[in-house]
Amino acid sequence: MDKNLDTKYDHLKVEAGKYDYWLKQDSFKADPTSDKPKYSIVIPPPNVTGKLHLGHAWDTSLQDIIVRMKRMQGFETLFLPGMDHAGIATQAKVEERLREDGISRYDLGREKFLEKSWEWKEEYASVIKNQWATLGLSLDYSKERFTLDEGLSNAVKKVFVDLYNKGLIYRGERIINWDPAAKTALSDIEVIHKEVEGAFYHFKYMIEGTSDYLEVATTRPETMFGDVAVAVHPEDNRYQHVVGKNVLLPGNGKPIPVIVDEYVERDFGTGVVKITPAHDPNDFEVGNRHDLARPVCMHLNGTMNELAGKYDGLDRFIARKQLVADLEAAGLVVKVEKHVHSVGHSERTDAVVEPYLSTQWFVKMTEMAQRSVDNQKSDNKVNFVPNRFEHTFLQWMENIHDWCISRQLWWGHQIPAWYHNETGEVYVGADAPADVENWTQDEDVLDTWFSSALWPFSTMDWPNEEADMFKAFFPTSTLVTGYDIIFFWVSRMIFTSLEFTDERPFENVLIHGLVRAADGRKMSKSLGNGVDPMDVVQKYGADSLRYFLTTNSAPGQDLRYNEEKIESTWNFINKIWNASRFTIMNLDGMTAADVNLEGRTFNIADKFILSKLNATIKAVNYNAEKFEFGEVDRYLYSFIWEDFCSWYIEMAKVPMSGVNEEAKTTTRMVLAYTLEAIVKLLHPFMPFVTEEIYGLISGAEASISVSAWPEERTFFEDEHAVANFTLISDIIKSVRNMRAEVEAPMSKAIRMYVDVKTERDLGMLKENAAYLERFCNPSELTLNTGLVLAEETMSAVVTGASVLLPMEGLVNVEAEITRLSAEAKKLEAEVKRGTSKLANEKFVSKAPEKLVEEERAKLIDYEAKLAEVSARLEALKK
RNA sequence: GGAGGAUUAGCUCAGCUGGGAGAGCGCUUGCCUGACUUGCAAGAGGUCGGCGGUUCGAGCCCGUCAUCCUUCACCA
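Fair warning: this is a prediction, and the values are worked out from it, not measured in the lab.

J.: Can you tell me about unusual backbone geometry, naming the residues and giving the values?
T.: Backbone torsion omega between Trp-462 and Pro-463 reads 15°, so that peptide bond is classified as cis. Considering the arrangement of structural elements, one finds Pro-463 in the loop between α13 (455-458) and α14 (468-473). Across the junction of Phe-474 and Pro-475, the peptide omega takes the value -5°, indicating a cis bond. Mapped onto the secondary structure, Pro-475 falls in the loop between α14 and β22 (476-482). Despite not being glycine, Asp-502 shows a phi value in the positive range, around 60°. Within the secondary structure, Asp-502 is located in the loop between α15 (486-501) and β23 (506-512). Under the relative-accessibility criterion, Asp-502 is labelled exposed at 52%.

So this is what it looks like as structure tokens:
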């Protein structure tokens with residue numbers, strides 16, 4: 001293998017071929033019979049309706065991070081891929097395609113239409129799989145599932161039949177949300193409510209046999225052909241005299257009774273409500289109470305039917321317009337007010353949803369919802385991250401309505417119910433009745449969420465509870481999804497799982513937000529502000545995209561797309577690339593496999609970086625366990641860029657340019673050891689580039705994806721490590737001070753020597769021969785400005801006296817005085833702050849002792865610094 | 001009407017159990033220093049939305065107000 005890296009990180013070159021390599025190695029294959037502890041994540045199955053968007057990329061990247069980390073940490077890890085048939089959404093797409101050819105699904109017939117739908121599915125499934133590969137998701141394709149697979153379909157049937165037999169599924173005539181475009185029923189949450197400017201129409205309902213009338217207001221005038229009564233409140237004195245009489249429907253003069261019902265609010269509108277049981281859920285209830293008829297006045301496609309008389313066949317909105325105009329002409333309109341109200345729209349077709357009387361299948365929710373709520377108080381609870389989403393979930397569960405699950409579609413799981421051709425008897429079963437020729441199966445299919453509700457266990461070969469998959473990987477470990485589908489999906493998985501397996505479907509559910517466009521708005525097709533993740537990958541690489549997506553927000557928060565940040569992520573990777581390049585150039589053929597740190601003599605820089613590395617690994621582990629990947633990023637970023645690149649690599653240049661071979665070997669080992677740990681820690685986030693670097697420095701044959709996670713390892717006895725850490729921190733601070741004083745550029749290593757001020761620092765330096773090598777050769781101490789340290793300055797350093805560099809001609813004295821004055825001012829403020837804090841008796845007595853001690857130490861430190869700065873200032877002023 | 005979130009540097013956002021405000025980008029100044037100018041070094045910039053409260057101590061806890069956003073329900 002070529003052991004050199006280009007000067008520049010080329011994401012396209014680095015990412016090419018890696019995914020195939022992983023698949024070839026079977027790196028992602030999970031063995032359910034393994035003895036190892038198990039970890040499993042099922043992918044939220046994307047709809048086979050189209051390509052993946054940035055939201056998917058975010059969601060799946062999070063999962064892949066968790067899964068790759070767990071795999072490296074020694075778990076038998078399953079990341080299960082799969083897709084959702086997405087009933088109404090896919091059917092709408094297929095129908096749209098057919099429409100372009102001028103045909104409808106009815107022209108084709110059910111069977112042919114389903115063929116077309118399967119073709120569509122295959123087409124988009126392959127697009128999606130390519131996108132998963134591009135993103136580098138470590139999915140086990142041998143376990144791939146689709147919601148319409150035979151196994152999953154059997155699970156669906158079993159659940160339906162069992163729920164029916166338990167009385168938790170029923171068929172009934174109810175007001176449902178009707179989508180006249182798709183011509184199907186919808187569940188409540190598939191309806192999107194939008195504020196629409198409509199009108200409040202006030203009509204005269206003439207009291208039969210009089211010239212008096214009741215004023216009735218409505219937002220949907222066309223439904224009056226379904227009116228069977230008008231209602232007033234039983235205690236509304238304004239209308240007692242007309243109760244029991246008839247009023248005439250303005251549209252056709254038909255008499256209907258005036259009834260009383262508590263449902264009417266006296267203060268709203270006119271206090272008179274038209275009752276249309278077949279077109280309004282509240283009116284339906286009123287109708288039931290009063291045993292009223294339930295005439296339907298519209299066809300399924302949203303046009304008026306024969307009840308509407310002359311408006312028969314007209315679209316409901318055209319009929320509304322004409323009806324109002326006609327009534328206006330007839331003098332039956334009191335007024336028309338503008339009225340902003342929310343109108344339900346179909347989530348998929350955007351058609352205005354019509355409340356419509358229809359016979360449908362429902363899941364009875366109260367008992368299962370209650371069980372889910374109770375379960376959250378048990379040890380089997382689902383751990384929501386962030387926790388606040390548990391309240392969202394509970395609240396929804398506590399206010400839930402029955403779930404309408406039948407859909408008048410073809411693409412989906414056909415309902416396993418048959419009706420007897422003669423008796424009308426209902427048969428529900430996984431298999432068709434024996435004398436099937438006498439029966440007709442329900443034409444409808446199930447809500448697509450009915451099958452996704454079973455996803456965590458139906459994908460694990462359930463209902464075979466003895467299956468290896470089920471036993472090994474269910475309940476799953478973590479589910480990752482957006483807060484927008486807690487109701488649709490998360491909650492339904494929870495209650496079905498509890499009902500059928502007595503287990504939670506997943507231990508944790510990590511909730512993330514939405515990806516927003518750069519302007520803060522939702523990304524949407526209509527706004528044209530969407531960003532294709534594949535374009536981002538092309539430009540910056542999947543590694544950059546993944547890192548950006550997963551480290552730039554806190555759990556549960558939305559993420560604004562920000563190309564500059566992706567760019568800076570790219571720069572970070574380039575930085576890692578070049579640190580690797582430096583390392584490899586200096587390893588002289590050594591690999592991480594050759595590293596043996598036992599018994600080596602470490603210099604201060606080695607101790608520093610190894611201690612820091614250990615602290616970083618701990619912080620990464622701690623935060624990753626909490627899914628705080630933004631925090632993980634901050635630890636990794638500063639460790640890599642600051643500690644490793646800016647300090648360790650710079651300091652490593654000293655021994656590497658020296659003559660002490662042992663010191664060089666130690667440095668090489670520490671470099672290789674640290675870099676290997678770095679790429680492993682980063683691998684879950686940026687799998688491609690870390691694989692590339694690992695291949696060059698690890699000396700290992702296998703992929704980094706199956707390598708062992710860096711262990712927390714304390715090289716030095718605790719105090720020693722801490723002491724070293726403090727010492728190097730002091731030096732770093734001294735160097736920083738020096739940089740501020742001397743405007744000329746200098747190598748960091750050299751500056752470390754000239755800035756030694758105390759016996760302790762000096763002692764430390766003497767211990768570190770690699771540095772002293774250069775220190776003992778004053779002729780090399782030529783600064784870039786041409787300044788050479790004089791012999792007397794050298795001896796001043798060695799005796800530990802305070803050193804003042806001869807800065808004349810090197811430093812702008814005026815500017816330096818200004819700067820030092822400012823610093824002195826800051827220090828004075830600090831001293832003042834510390835003094836007053838310690839003078840506060842309450843602080844001293846109530847605050848933890850440790851803290852008070854720290855304050856005292858800090859005060860002493862600041863006082864010393866102030867004295868020093870003042871002295872320098874004085875010296876400069878002379 | 002119910003529930004939840006946001007408000008921190010010019011911009012985009014972090015800030016985990018209360019103990020001296022952080023990052024990236026942008027900006028200023030100086031540098032091609034033997035991995036990296038996609039870089040190096042130094043720096044400026046914040047009464048943490050307002051007002052109360054709890055506390056020795058509040059960006060963080062409590063109350064309240066304001067602005068923005070989500071979501072559920074209702075809307076004859």
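J.: If you had to explain helix α6 (residues 110-135) to someone new, which residues and values would you point to?
T.: Helix length check: α6 (26 residues) gives 37 Å between terminal C-alpha atoms against 38 Å at 1.5 Å per residue, within 8%. The set of residues buried in α6 consists of Arg-110, Phe-113, Ser-117, Trp-120, Lys-121, Tyr-124, Ala-125, Ile-128, Gln-131, Trp-132, Ala-133 and Leu-135. Of the residues one or two after α6, Gly-136 is the one with positive phi, at around 80°.

J.: Can you break down the environment of Leu-327 residue by residue, with the values?
T.: Within the fold, Leu-327 resides in helix α9 (residues 316-329). Between the alpha carbons of Leu-327 and Ala-293 there is a distance of 25 Å; along the sequence they are 34 residues apart. Leave out the neighbours within four places in its chain, and Leu-327 touches Phe-203, Met-224, Pro-250, Gly-251, Leu-332 and Val-333.

J.: Just give me the short version of the protein's contact with RNA strand B, but keep the residues and values in it.
T.: As a matter of local geometry, RNA strand B sits amid 59 residues, with Lys-8, Val-273, Ser-342, Trp-570 and Glu-830 nearest to it. Backbone atoms, meaning sugar plus phosphate, form 59% of the atoms of RNA strand B positioned within 4 Å of the protein. Within the backbone of Ala-579, an N or O atom sits 3.4 Å from a base nitrogen of RNA strand B. Asn-840 places a polar side-chain atom, nitrogen or oxygen, 3.2 Å from a sugar or linking oxygen of RNA strand B. Looking at the surface near RNA strand B, the elements that each hand over two or more residues are β8 (213-218), α11 (388-398), α18 (563-587), α20 (629-656), α23 (718-741), α28 (813-839), α29 (841-846) and α30 (849-877). Examining the composition of the surface near RNA strand B, we find that 11 residues originate from one element, α18, more than from any other. Across the surface near RNA strand B, the residue classes break down as 21 nonpolar, 16 polar and 22 charged.

J.: Break down the sheet that holds strand β6 (residues 184-186) for me, citing the residues and quoting the values.
T.: Strand pairs in the sheet, formed through backbone hydrogen bonds, run parallel or antiparallel to each other. Strand order in this open sheet of 4 strands is β6-β5-β14-β16, and the pairing throughout is antiparallel. In this open sheet, the two strands that pair with only one neighbour each are β6 and β16 (403-404). In terms of strand pairing, strand β5 (residues 169-179) meets strand β14 (residues 354-363) through 10 bridges, oriented antiparallel. Note on β14: the bridge partner recorded for Arg-174 is Ser-358.

J.: I'd like a description of empty space enclosed by the protein, backed by residues and values.
T.: With the rule as written, the count across this model stands at 6 cavities of 30 Å³ or more. Lining the largest cavity are 15 residues; nearest its centre among them are Leu-62, Ser-553, Ala-554, Pro-555 and Phe-627. Elements with a contribution of two residues or more to the lining of the largest cavity: α3 (54-72), β23, α17 (542-551) and α20. Here the lining of the largest cavity takes 3 residues from β23, the largest share from any one element. Taken together, the residues of the lining of the largest cavity break down into 9 nonpolar, 5 polar and 1 charged.

J.: Can you explain the environment of Asp-442? Please cite residues and give values.
T.: Relative to the assigned elements, Asp-442 resides in the loop between β20 (439-441) and β21 (445-446). Looking at Asp-442, the relative accessible area reads 6%, which means it is buried. Distance from Asp-442 to Glu-367, taken between C-alpha atoms, is 26 Å for residues 75 residues apart in sequence. Dropping the residues within four chain positions of it, Asp-442 is found in contact with Arg-171, Trp-361, Gln-414, Ile-415, Ala-417 and Tyr-419. A distance of 2.9 Å separates the side chain of Asp-442 from the side chain of Trp-361, its partner in a polar contact. Here the side chain of Asp-442 touches Asp-444 through a polar contact of 2.9 Å, landing on its backbone nitrogen.

J.: An account of the packing of aromatic side chains is needed here, citing residue identities and associated values.
T.: Each aromatic ring pair is described using two quantities: the centre-to-centre distance and the angle formed by the ring planes. All chains considered together, the criterion is met by 42 aromatic pairs. Here Tyr-673 and Phe-715 contribute two aromatic rings whose centre-to-centre distance is 5.6 Å and whose plane-to-plane angle is 85°, an arrangement assigned as edge-to-face. Of this pair, Tyr-673 sits in helix α21 (residues 661-682) while Phe-715 sits in the loop between α22 (687-697) and α23; the two residues are 42 residues apart in sequence, bridging distant segments of the chain. On the accessibility criterion, Tyr-673 (17% relative accessible area) is buried. Classification of Phe-715 as partly exposed rests on a relative accessible area of 21%. Over the ring of Phe-146 we find Lys-121, and its NZ or CZ is 4.3 Å from the ring centre.

J.: So what's going on with the confidence of the model for chain A? Residues and values would help.
T.: On average, residues of chain A carry a pLDDT of 85, and 88% of them reach 70 or more. Counting interchain partners and residues more than four positions distant, the pLDDT-below-50 stretch residues 734-811 has 110 contacts.

J.: I'd like a description of the environment of Ile-66, backed by residues and values.
T.: Counting through the fold element by element, Ile-66 comes out in helix α3. Here Ile-66 falls in the buried class, since its relative accessible area comes to 4%. Through-space distance from the C-alpha of Ile-66 to that of Phe-500 is 28 Å; in sequence the pair is 434 residues apart. Leave out the neighbours within four places in its chain, and Ile-66 touches Tyr-39, Ile-41, Thr-478, Val-480, Leu-510, Phe-627 and Phe-629.

Calculation criteria
Each chain has its residues counted from 1, running along the sequence as written. All chains are assigned letters beginning with A, and all ligands numbers beginning with 1, in the order in which they are written. Selection of residues for local features in this predicted model requires a pLDDT of at least 70, selection of side-chain atom pairs for listing and counting requires 80 or more, and totals for whole chains, interfaces and linings are taken over all residues. Remark: hydrogens and water are excluded; side-chain values derive from all non-hydrogen atoms of the structure. Where helices and strands are cited, they refer to DSSP runs of H or I of at least four residues and of E of at least two residues respectively, numbered from the N terminus. Burial classes: relative accessible area under 20% of the type maximum marks a residue as buried, over 50% as exposed, and values in between as partly exposed (1.4 Å probe, protein chains only). Here the expected length of a helix is defined as 1.5 Å per residue gap, with one fewer gap than residues. Between two residues, a contact is recorded if the distance between any of their heavy atoms is within 4.5 Å. It suffices for a single heavy atom of a residue to lie within 4 Å of a molecule or strand for the residue to be listed as near it. Counting of polar contacts relies on pairs of N or O atoms within 3.5 Å, with two restrictions inside protein: one atom must be capable of donating a hydrogen and the other of accepting it, and residues adjacent in sequence are counted only when both atoms are side-chain atoms. Each residue is assigned to one class: nonpolar for Ala, Val, Leu, Ile, Met, Phe, Trp, Tyr, Cys and Pro, charged for Asp, Glu, Lys and Arg, and polar for all the others, Gly among them. Strand pairing is assigned whenever DSSP identifies at least 2 bridges connecting the two strands. For each structure, a 1 Å grid was placed over the protein atoms alone; sets of points admitting a 1.4 Å probe that cannot get out are labelled cavities, open sets with protein on both sides within 12 Å along at least five of seven lines are labelled pockets, and lining residues have an atom within 4 Å of a point. Grid points are joined across faces, edges and corners, and a volume is the space filled by probe spheres set on the points. The criterion for an aromatic pair is that two Phe, Tyr or Trp rings (for Trp, the six-membered ring) have centres within 6.5 Å, with stacked assigned to planes under 30 degrees apart, edge-to-face to planes over 60 apart and tilted to the rest. Note on criteria: charge over ring means Lys NZ or Arg CZ within 6 Å of the ring centre, with the direction from the centre no more than 35 degrees off the ring normal. The predictor rates its confidence in each residue with pLDDT, a number between 0 and 100.

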